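Structural features, examined
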Amino acid sequence: MKWGISLPSKVVVGAQWGDEGKGKVIDILASRAEMVVRSQGGNNAGHTVEANGEVYKLHLIPSGILYAKTPCLIGCGVVIDPKAILEEIDSLESRGISCDNLRIDPRAHVIMPWHIELDGLGEAARGSADIGTTKRGIGPCYMDKAERCGLRIYDLVNDCFAEKAAAVCALKNKLITAVYGGAPLDAAAIIPEYVGYGKRLRKYVADVSVLTYNAIKAGRKVLFEGAQGALLDLDLGTYPYVTSSHPTAGGFCVGTGIGPTCIDEVIGVAKAYTTRVGKGPFPTELNDAMGEMIRTRGNEFGTTTGRPRRTGWFDAVIVRHAVRINGLTSIALNKLDTLSGIDELKICAAYRMEDGTEITDFPPTLEQLADCTPVYITLKGFDGDLSGCRSFDSLPGNAKAYLTQIEKLIEFPIGMVGIGPGREQNIER
Ligand code: GDP
Ligand code: IMO
Ligand code: MG
């Protein structure tokens, strides 16, 4: 996990279903970085940083923003709600955090009001089979990008915007009214509002591919901040209960405009247990008092939507999947402190299929996953306040045994252990 001379660029990705504490890890590593880049997702993300007695909840702006001199870039793969990013900039600046070093790629797509409307209408139409999206318009915006009718940041900040937006709005109104029976949106009100957002955002626009490549070529330490997590990847996650981008290491290349040879290290962030917001399979979910206890102790409520997070035991099968699909080079395991005081801890080591065979590779489809039940290893719990521990050796014996068992199952070393939400509540090995 140390910055090495030949290891200047690191990617930080979620190794479960999001909310693993990526914001905290980015904030810690950003103290040693010279650039932080976001490459996918949008304001469906909620990254919490606790520093200097303050709590910051970041949605679109990279978590390196607390370091005034560090350029924070938003790449072409991110979808941007202009109103939301301006609110975030205003909120940070009102707290004394400058956003002067923020840059946004002109190719990034803009989330427009029809995307948010269609996200809600699509979810309602799915009824009980809804995905449980954040309703921030993420899926519909990525749909338009793939369909090639999206509006980009370049359009938003230039004169072509009004004409292009009017044409797209007319098309989307047909969809909203004829397919979903919704009320049409008023382009005459939306366009001037968004022209205003474009004027304010113009000063931040720059080619993020060029800036990132030049920084890497010059040997600068570049940190890539992932949003969401491996199991929410559009292709490799629990489809269709996923997000519409690629939160895995490969996604950073396309979402920034750099090649894979520019990435030296890939750090996966996981929790010492598992959580998930929204619908979809969750093999180790605890729908009982233990699940409730973990939710309460871990304060497991969504950073973006405030929804209670579903909780469950650590699942080594999904983290092994994250190790493989990201080509991880290290793991940061957060929230070990939340498990303190629990008598017995379980870790899912494998899945048992209906015919009795056991598998350790996460199945590719929900239909195959439906045939699986978790096989648990039970370990003795640990107690005491871990937040003061600053070395692996100072952790209680049973906590060390828990970590060692996880390492054995995922066949991978844990490089960082989180024992509290603060910057300093962290053990590096
Ligand atoms: P992200 O989306 O991956 O950045 O994670 P979130 O910010 O949505 O959720 C993680 C939550 O856990 C935040 O409230 C963090 O402040 C908190 N957190 C991160 N690491 C630790 C840790 O090691 N211990 C405890 N108790 N909280 C942590
Ligand atoms: P961070 O970066 C946890 C989930 C939603 C839903 C699914 C699809 O904070 O880890 P979407 O609005 O993206 O179309 O919703 O993905 N989801 C997240 N869950 N953390 C996130 O981000 C998430 N971003 C999206 O809850 O299940
Ligand atoms: Mg989050």
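The coordinates are above.
No experiment lies behind these values; they were computed from the predicted model shown. (Residues numbered from 1 in each chain as written. Chains lettered and ligands numbered in written order. Predicted model: local features only at pLDDT ≥ 70, side-chain atom pairs only at ≥ 80, totals over all residues. Heavy atoms only, no water.)

**Some details on the sheet that holds strand β9 (residues 222–225)**
- The nine strands are arranged β7-β5-β2-β9-β1-β10-β14-β18-β19 in an open sheet whose pairing can be described as mixed. In the strand order of this sheet, the two ends are held by β7 (102–104) and β19 (426–428), each with one partner. Taken pair by pair, the neighbouring strands of this sheet meet at an average axis angle of 20°, ignoring direction.
- Where strand β5 (residues 72–74) and β7 come together, three bridges link them in parallel fashion. Paired with leucine 73 across the bridge in β7 is arginine 103. (Pairing = 2+ DSSP bridges. Helix = DSSP H or I, 4+ residues; strand = E, 2+ residues; numbered from the N terminus. Axes fitted to C-alpha atoms, helices over the stretch in contact; angles between N-to-C directions.)

**A short note on the pairing of strand β10 (residues 265–271)**
- With seven of seven residues buried, β10 lies mostly within the body of the structure.
- Residues Glu265, Ile267, Val269 and Lys271 line one face of β10 and the alternating positions Val266, Gly268 and Ala270 line the opposite face, and both faces are buried.
- Bridge analysis of strand β1 (residues 9–14) against β10 gives five bridges, and the strand direction is parallel. What sits directly across from valine 12, in β10, is isoleucine 267. (Buried < 20%, exposed > 50% of the residue type's maximum accessible area, 1.4 Å probe, protein only.)

**As for the pairing of strand β14 (residues 330–334)**
- Counting buried positions along β14 yields five of five residues, so the element is predominantly enclosed.
- Alternating residues of β14 divide into Ser330, Ala332 and Asn334 and Ile331 and Leu333, and every residue in both groups is buried.
- As paired elements, β10 and β14 share five bridges and run parallel to each other. Within the sheet, the bridge partner assigned to glycine 268 lies in β14 and is isoleucine 331.

**Some words on the coordination of the magnesium ion (ligand 3)**
- Here the magnesium ion (ligand 3) is held by the protein donor atoms Asp19 (OD) and Gly46 (O), which lie 2.0 to 2.2 Å from it. Taken together, the positions of aspartate 19 in the loop between β1 and α1 (22–30) and glycine 46 in the loop between β2 (35–38) and β3 (47–51) put the pair 27 residues apart, joining distant regions of the chain.
- Classification of glycine 46 by relative accessible area gives buried; the value is 10%. (Donors = N, O, S within 2.8 Å, 3.2 Å for Na, K, Ca; no water.)

**Thoughts on helix α3 (residues 113–126)**
- Between its first and last C-alpha atoms α3 spans 20 Å; for 14 residues at 1.5 Å apiece the expected length is 20 Å, and the two agree.
- Buried residues of α3: Pro113, Trp114, His115, Leu118, Asp119, Leu121, Gly122 and Glu123, and no others.
- Taken from the residues just after α3, glycine 127 is the one with a positive phi, measuring 60°. (Expected span 1.5 Å × (residues − 1).)

**Some words on the site of ligand 2**
- Close to ligand 2 lie 20 residues, the nearest being Asp19, Lys22, His47, Thr134 and Thr243.
- In the model, an oxygen atom of ligand 2 is placed 2.8 Å from a nitrogen or oxygen of the aspartate 19 main chain.
- Here an oxygen atom of ligand 2 sits 3.1 Å away from a polar atom, N or O, in the main chain of valine 277.
- Considered on its own, ligand 2 offers 550 Å² of accessible surface; in the complex 97% of this is hidden by protein. (Near = heavy atom within 4 Å. Polar contact = N/O pair within 3.5 Å; in protein donor to acceptor, adjacent residues only side chain to side chain. Areas by Shrake-Rupley, 256 points an atom, 1.4 Å probe, with all protein chains shown as cover.)

**Some details on the site of ligand 1**
- In the vicinity of ligand 1 lie 19 residues, with Lys22, Gly23, Thr48, Thr303 and Asp337 positioned nearest.
- Glycine 46 places a main-chain nitrogen or oxygen 2.8 Å from an oxygen atom of ligand 1.
- Contacts to ligand 1 include threonine 303, whose side-chain N or O atom sits 2.8 Å from an oxygen atom.
- Breaking the shell around ligand 1 down by element, the ones donating at least two residues are α1 and β3.
- When the residues that make up the shell around ligand 1 are grouped by side-chain class, the tally is two nonpolar, nine polar and eight charged. (Nonpolar A, V, L, I, M, F, W, Y, C, P; charged D, E, K, R; others polar.)

**Notes on the packing of aromatic side chains**
- For the structure on display, the rule yields four aromatic pairs.
- On the numbers, 4.9 Å between centres and 80° between planes, the contact of tyrosine 194 with tyrosine 197 is edge-to-face. With tyrosine 194 and tyrosine 197 both in helix α7 (residues 187–201), this residue pair falls three residues apart, about one helical turn.
- Exposure remark for tyrosine 194: the relative accessible area of 4% places this residue in the buried category.
- With a relative accessible area of 14%, tyrosine 197 lands in the buried category. (Phe/Tyr/Trp six-rings, centres within 6.5 Å; stacked < 30°, edge-to-face > 60°.)

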